[in-house]
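Below, each chain spelled out in residue letters.
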Amino acid sequence: MTMNYFVIDDAKAHFAASKNADYKARVEQRFRVFVDFLQENGLATRQILASNQPVTDELQIKKSDLTDDGFSVVKAAYDKWLRGLDKGKAITDVTVLKKALEKVESAKA
């Protein structure tokens, strides 16, 4: 397996963790918010999810789906963002991801 096929996150693993509808809805929302952040900021190499496309078991986010800047943001902030969600932050609060993106962009300037 090459590094480009490295799986950053896999919806199927999260959906398998619980059959609870609220949990599943939260997983779907989390993936949607994260993918939208990547796509809206030009950090994805392809369209990972269309705006009307549901989050399904097949959704995987791989290193190959991200630009170099996108992967830098993921390395710097994705786990931190997830920990914030576990502590009760709003799923839509992508401040941690935005700050990481700003650092990546300022390092290139």
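Calculation notes
- Residues numbered from 1 in each chain as written.
- Predicted model: local features only at pLDDT ≥ 70, side-chain atom pairs only at ≥ 80, totals over all residues.
- Heavy atoms only, no water.
- Helix = DSSP H or I, 4+ residues; strand = E, 2+ residues; numbered from the N terminus.
- Expected span 1.5 Å × (residues − 1).
- Bend = angle between axes of the 7 residues up to and from the residue.
- Axes fitted to C-alpha atoms, helices over the stretch in contact; angles between N-to-C directions.
- Parallel < 35°, antiparallel > 145°, perpendicular 65-115°, else oblique.
- Left-handed = near helix turned anticlockwise from the far one by under 90°.
- Contact = heavy atoms within 4.5 Å.
- Nonpolar A, V, L, I, M, F, W, Y, C, P; charged D, E, K, R; others polar.
- Salt bridge = Lys/Arg side-chain N within 4 Å of Asp/Glu carboxyl O.
- Buried < 20%, exposed > 50% of the residue type's maximum accessible area, 1.4 Å probe, protein only.

Asker: An account of helix α3 (residues 68-86) is needed here, citing residue identities and associated values.
Answerer: A turn of α-helix holds 3.6 residues, and therefore any two residues three or four places apart point the same way. In this model α3 runs 27 Å from its N-terminal to its C-terminal C-alpha over 19 residues, within 8% of the 27 Å that 1.5 Å per residue would give. Of all the bends in α3, the greatest measures close to 45 degrees and is centred on Ala-77. Trailing α3 by a residue or two, Gly-88 shows a phi angle of about 105 degrees, which is positive.

Asker: Account for the packing of helix α2 (residues 21-40) against α3, naming residues and giving values.
Answerer: One can describe the packing of α2 onto α3 by two numbers: an axis separation of 13 Å at closest approach and a directional angle of 150 degrees. Our classification of the angle between α2 and α3 gives roughly antiparallel. The chirality of how α2 crosses α3 is right-handed. On α3, the residues that touch Arg-26, Arg-30, Val-33, Phe-34 and Phe-37 of α2 are Val-73, Val-74, Tyr-78, Trp-81, Leu-82 and Leu-85. The residue inventory of the contact of α2 with α3, partitioned by class, reads 9 nonpolar, no polar and 2 charged.

Asker: So what's going on with the pattern of salt bridges? Which residues, and what values?
Answerer: Note that side chains of opposite charge can pair when their charged atoms are close. For the structure shown, the criterion picks out 6 salt bridges. In this structure, Asp-69 engages Lys-108 in a salt bridge whose closest nitrogen and oxygen atoms are separated by 2.6 Å. Highlighted residues: Asp-69 in helix α3 and Lys-108 in helix α4 (residues 95-108), separated in sequence by 39 residues. For Lys-108, a relative accessible area of 58% translates into the label exposed. Measuring nitrogen to oxygen at the nearest pair gives 3.6 Å for the salt bridge that ties Lys-89 to Asp-93. Classification of Lys-89 as partly exposed rests on a relative accessible area of 42%. Classification of Asp-93 as partly exposed rests on a relative accessible area of 24%.

Asker: Explain the environment of Val-96 to me, and be specific about the residues and the numbers.
Answerer: For Val-96, the position within the fold is in helix α4. Overall, Val-96 belongs to the partly exposed group, its relative accessible area being 24%. When the C-alpha atoms of Val-96 and Ala-76 are compared, they prove to be 9.2 Å apart, with 20 residues separating the residues in sequence.

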